[in-house]
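# Chains, contacts and geometry: an overview
One-letter residues, chain by chain:
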Amino acid sequence: MPAHILVAGGGIGGLATALALAGSGHRADVFEQAAAFGDIGAGVQLGPNVTRRLSQLGLENSLARVAAQPEALVVRSAGSGAEIGRLALGAAMRQRYGAPYLCIHRADLHGLLLDAVRARGTGALVTGAQIERVELSDELVCVSSSDARAWEGEAVVGADGLWSVVRRRLDAASAGQPPRITGHTAWRALARQDALPPALRRGGVEVWLGPRPRRGAARAAAHAVAYPVRAGEWLNVVVIAESAPAGNAHDWDQASSLAALQAAAGRTGASLQALLEAMPGWRAWSLSDRPPLVSAAEMAHERLALVGDAAHPMVPYLAQGAGMAIEDAVALSEALGEGGSDAVPAAFARYAAARWQRNAQVQAKARRNGQIFHASGPVRLGRDLAMRALGERLLDQPWLYGG
């Protein structure tokens, strides 16, 4: 008999989990703390490791309608704008890994997942449910909300993000520890491509790397990323600086300005500066993560499992936060298969054993990329020389995209 699973969190990870479980015949009820299902933010890059999983979930055609498929990733100097390295995407990714490299707006991806979950119709979608307590027994779980409602099921999946309530019930030493505030801030903006001067429009992914300044300098290390979303009609730009904004780090998204961005990251070369000045509506959010996972116990125990940021929040320097949540969702469903309530503890244990080392590797690589992106002095020179000489051999990630 299929299992009845409670999914805390209605973001990308939670909906992907519900969709994957529904595909195996299970009932997955999703609990979202907001008054309505929806997502905010900006763009998401989806490597072939992720689009392959989304195809498994039946979203290949829907993705093709709303995503952009860039032809190349180009790395440039933030100062001079000179090209440092290039990686072919487009047909090259499909040929190499059997799936495309796509760029999509978070809200579009969330909408596709929500529509697919609703079409399955196997579980409830509950809004305004801020989960405060999770109770576990040998055979059942119960979650209760801040407004005194409660629900019962046979397992619970925490997809409730960075400050996960479900995580606190894990049988792991790290369960109650808070996330690490990195001191890094991401600024993002979106604009219609046809509202930008032709020279500023982008059809591919472009990355500008800026060095960490000399000790004592006011400017922080920063880099920028730009890529198309919404079938190429919009441009997403993100600037990340090693500088914390004013305000509470829990306030992940706050209105900002180009002046605030420049105060933290400094002025860039003329070509990148023109792009930043043309983008409207800058917003900023603080970045947090956790140390790389050290055991399967940090992802599941008995009738409780975690997916995405609830288990392994990471800095965005590998563009895989959403991707790992989607990989988790499919892996969790595959581990459970068509098993019923009795199979849940063993299935969750298999899931965690299969996932924790890969997620830990991605977390560690993302942290390492942050150091490389913002390198200065001899390390920066060596990075640029190696990238110019080796190009795709350095920029491609077979361990990640083929995994």
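To be clear, the structure that these remarks concern was listed above.
Report follows, based on the coordinates. (Residues numbered from 1 in each chain as written. Predicted model: local features only at pLDDT ≥ 70, side-chain atom pairs only at ≥ 80, totals over all residues. Heavy atoms only, no water.)

## Quick notes on the sheet that holds strand β4 (residues 72-77)
Taken together, the eight strands give an open sheet; going across it, the order is β5-β4-β13-β14-β15-β12-β17-β16, and neighbouring strands pair in mixed fashion. Looking at which strands have only one partner, the edges of the open sheet turn out to be β5 (83-88) and β16 (254-255). Bridge analysis of β4 against strand β13 (residues 205-209) gives five bridges, and the strand direction is parallel. Bridging across to β13, Val-75 finds its partner in Val-207. Running over the sheet, helix α7 (residues 270-278) touches β13, β14 (222-229) and β15 (234-241) and is turned about 115° from β15. Docked against the sheet, helix α10 (residues 377-390) engages β4, β5 and β13, running at close to 45° with respect to β5. (Pairing = 2+ DSSP bridges. Helix = DSSP H or I, 4+ residues; strand = E, 2+ residues; numbered from the N terminus. Contact = heavy atoms within 4.5 Å. Axes fitted to C-alpha atoms, helices over the stretch in contact; angles between N-to-C directions.)

## Regarding the pairing of β13
The element β13 is largely enclosed, with a buried count of five among its five residues. Burial along β13 is two-sided: the face carrying Val-205, Val-207 and Leu-209 and the face carrying Glu-206 and Trp-208 are both buried. (Buried < 20%, exposed > 50% of the residue type's maximum accessible area, 1.4 Å probe, protein only.)

## Thoughts on unusual backbone geometry
Of note, Glu-302 is a non-glycine position whose phi angle comes to about 50°, a positive value. One can find Glu-302 in the loop between β18 (300-301) and β19 (304-306). The phi dihedral of Ala-319 is positive, around 55°, even though this residue is not glycine. Position of Ala-319 relative to the elements: it lies in the loop between β19 and α8 (321-336).

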